[in-house]
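Letter by letter, the chains look like this.
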Amino acid sequence: MKAKIILFFMLALCSQGHSQGMPVYDNTNFISLAKSLVESAKQTSQLLKTVEFLNEQKQRIEQVNSVIKQVRAVKEIIRNNQELVKIVQYDLEEVLNSPFIQPEEIERVTVSFHSLMDIAKQDMEFMQQLLTSNLLKMTDAERLAILEAQKERSREMIAEVRLRTKRFKTIISFREMQSKINNRTINF
């Protein structure tokens, strides 16, 4: 028996340099790793859902933002057209009631202002059709671009009406001054 024990120890000593031994696994570390992976998968899934939700909210905010921009553009167009009507109504009346406007000029002045008012009316009808009709199949961005162009056009029409009114008032004041000079009394 002693011989067997000695032989066993000798084999163990000799084989110690050549064999690697049997691998040892720690089941608790393996289970912890598996639990961590499962938890990470759950968190990743939640993060993906959160990203999807945030993308949907971003799209909704962009749509609302686009609608708000459209509403602002429409409000400014309406305000510009109201100002245009007011300018034409009061300034045209003042120009036409002036005694220094000749009868043949009245029609030319009236036609000039009416052409601008017709353009403004057509623009308002187009804007109404653009906003209420889905026939054009436009995106919000395309619709907003058209509304911005309409807004700029309404600003230009106001500037044009003001310029024409200023010209007519300048003509009237020149004629008034000319009348005063021609009708003055000379005291010698």
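This text goes with the structure placed above it.
Residues numbered from 1 in each chain as written. Predicted model: local features only at pLDDT ≥ 70, side-chain atom pairs only at ≥ 80, totals over all residues. Heavy atoms only, no water.

So, about the packing of helix H2 (residues 27-96) against helix H4 (residues 140-182). Contact geometry for H2 and H4: axes closest at 9 Å, N-to-C directions at 15°. Relative to H4, the element H2 is oriented roughly parallel. Crossing geometry of H2 relative to H4 is assigned as left-handed. (Axes fitted to C-alpha atoms, helices over the stretch in contact; angles between N-to-C directions. Helix = DSSP H or I, 4+ residues; strand = E, 2+ residues; numbered from the N terminus. Parallel < 35°, antiparallel > 145°, perpendicular 65-115°, else oblique. Left-handed = near helix turned anticlockwise from the far one by under 90°.)

Charged atoms that come close allow side chains of opposite charge to pair. Enumeration over the complete set of coordinates arrives at 11 salt bridges. Its salt-bridge partner being Arg155, residue Glu152 comes within 3.4 Å of it at the nearest N-O pair. Residue Glu152 and its partner Arg155 are both found in helix H4; the two are separated by three residues, about one turn of the helix. Glu152 sits in the partly exposed class, given a relative accessible area of 36%. Judged by its relative accessible area of 37%, Arg155 falls in the partly exposed class. (Salt bridge = Lys/Arg side-chain N within 4 Å of Asp/Glu carboxyl O. Buried < 20%, exposed > 50% of the residue type's maximum accessible area, 1.4 Å probe, protein only.)

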